[in-house]
Structures are given as structure tokens and as C-alpha cells.
Amino acid sequence: MNLPESVGNRIRELRKAKGWTQEHLAEAASLHYSYIGGVERGDRNISLETLEKIIAAFEVPAIEFFRFEDATERRKVLDEHITLLSSKSVEEIAALTRVVREVIAAMSLDKGEK
């Protein structure tokens, strides 16, 4: 797979993780929806400025955007969590992290782990 296809696939993955349509993403990034479709298919040669608009619309760190891993179920679930957390404040993320740690600890106790 070439880079335009990888970028397009990643945009599609993150868009779906947010539950957005191409139209919704286009509006959030101030682009036309048909352009988003072309980028997702790898048909359009996207500029860095346009890519920056798309990443900003997703509100995810650029490093998360460039995780071109296989589209596994695990990756899809992690993407959903990243997109949910990305719009939260540092304090909210810290509170949610504490809750998740407690849930994981409780799950470990249920399995008899230490």
C-alpha cells in the first residue's frame, strides 16, 4: 500500500471511530465532502496544509494519526477511545484514567490476578 492510500485509510478509520460521515468531516475541516472521499480512496494528493486541517478536525495528536497499523478490532477500539478523550481537558483525562485503572484492577481481581 502506498502513502496516499495509507493516509486515506487512516482518515477513514478515525472518521468512523468518531461516527462521522464524510460530510461531517468535510464541514469540521472546512473542505468539500467529495474531496474527503477522494482522499480516503487515495485518489487525491493531499497537501500538508489540508492534512493539518483534517487532523485538527479530529482533535487527535498528529502522532496518533500516523499510526498506520493494520485495521484490527483492537486498533478500532483504541481509536474510538482516543477520539473520545481528545476533546477533554487534562483534568478530565486524569479523572478518567483513574477510573479506568480502578476498573482494570477490579477485572484483575475477578480473574484471581494480583
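Since this is a predicted model, take the numbers as computed values, not measurements.

Asks: Residues and numbers for helix α7 (residues 90–110), please.
Replies: One turn of the α-helix equals 3.6 residues, which is why residues spaced by three or four share an orientation. Along its 21 residues, α7 runs 30 Å from first to last C-alpha, staying within 8% of the 30 Å computed at 1.5 Å per residue. Of the residues trailing α7, Gly112 is marked for its positive phi of about 80 degrees.

Asks: So, a nonpolar patch on the surface: which residues are in play, and what are the values?
Replies: Residues Leu3, Phe66 and Phe68 make up a contiguous nonpolar surface patch of roughly 300 Å² in combined accessible area. Along the chain, Phe66 falls in the loop between α5 (62–65) and α6 (73–86).

Asks: How would you explain the packing of helix α1 (residues 3–18) against α6 if you had to name every residue and give the values?
Replies: With their axes 8 Å apart at the nearest point, α1 and α6 run at an angle of 65 degrees to one another. Accordingly, the angle class assigned to the pair α1 and α6 is roughly perpendicular. When the axes of α1 and α6 are compared, the crossing they make is right-handed. Packed against α1, whose contacting residues are Arg10, Glu13, Leu14, Ala17 and Lys18, the element α6 presents Arg75, Asp79, Glu80, Thr83 and Ser86 at the interface. Residue composition of the contact of α1 with α6, grouped by class: two nonpolar, two polar and six charged.

What counts and how
Once a new chain begins, its residue numbering starts again from 1 and follows that chain's sequence as written. Reporting in this predicted model follows two pLDDT cut-offs: at least 70 for local features of residues, and 80 or more for side-chain atom pairs to be given and counted; totals over whole chains, interfaces and linings ignore these cut-offs and use all residues. Remark: hydrogens and water are excluded; side-chain values derive from all non-hydrogen atoms of the structure. Put simply, DSSP H or I for four residues or longer makes a helix, DSSP E for two residues or longer makes a strand, and each gets a number counted from the N terminus. The length a helix should cover is 1.5 Å for every residue beyond the first. Residues enter patches when they are more than 30% accessible in relative terms and free of salt bridges; like-charged ones are connected within 9 Å and nonpolar ones (Val, Leu, Ile, Met, Phe, Trp, Tyr) within 5 Å. The Shrake-Rupley method, run with a 1.4 Å probe, gives the accessible areas here. Residue values count only the displayed protein chains as cover. Any carboxyl oxygen of Asp or Glu within 4 Å of a side-chain nitrogen of Lys or Arg constitutes a salt bridge here. Helix axes are fitted to C-alpha atoms over the stretch in contact, other axes to C-alpha atoms as well, and angles between N-to-C directions run from 0 to 180 degrees. Should an angle fall under 35 degrees it is taken as roughly parallel, and over 145 as roughly antiparallel, whereas 65 to 115 is taken as roughly perpendicular and any remaining angle as oblique. Handedness of a crossing is defined here by the sense of rotation of the near helix relative to the far one, left-handed for an anticlockwise turn of less than a right angle and right-handed for a clockwise turn. Residue contacts are counted whenever heavy atoms from the two residues lie within 4.5 Å of one another. All residues other than Ala, Val, Leu, Ile, Met, Phe, Trp, Tyr, Cys, Pro, Asp, Glu, Lys and Arg, Gly among them, are scored as polar; the first ten of these are nonpolar and the last four charged.

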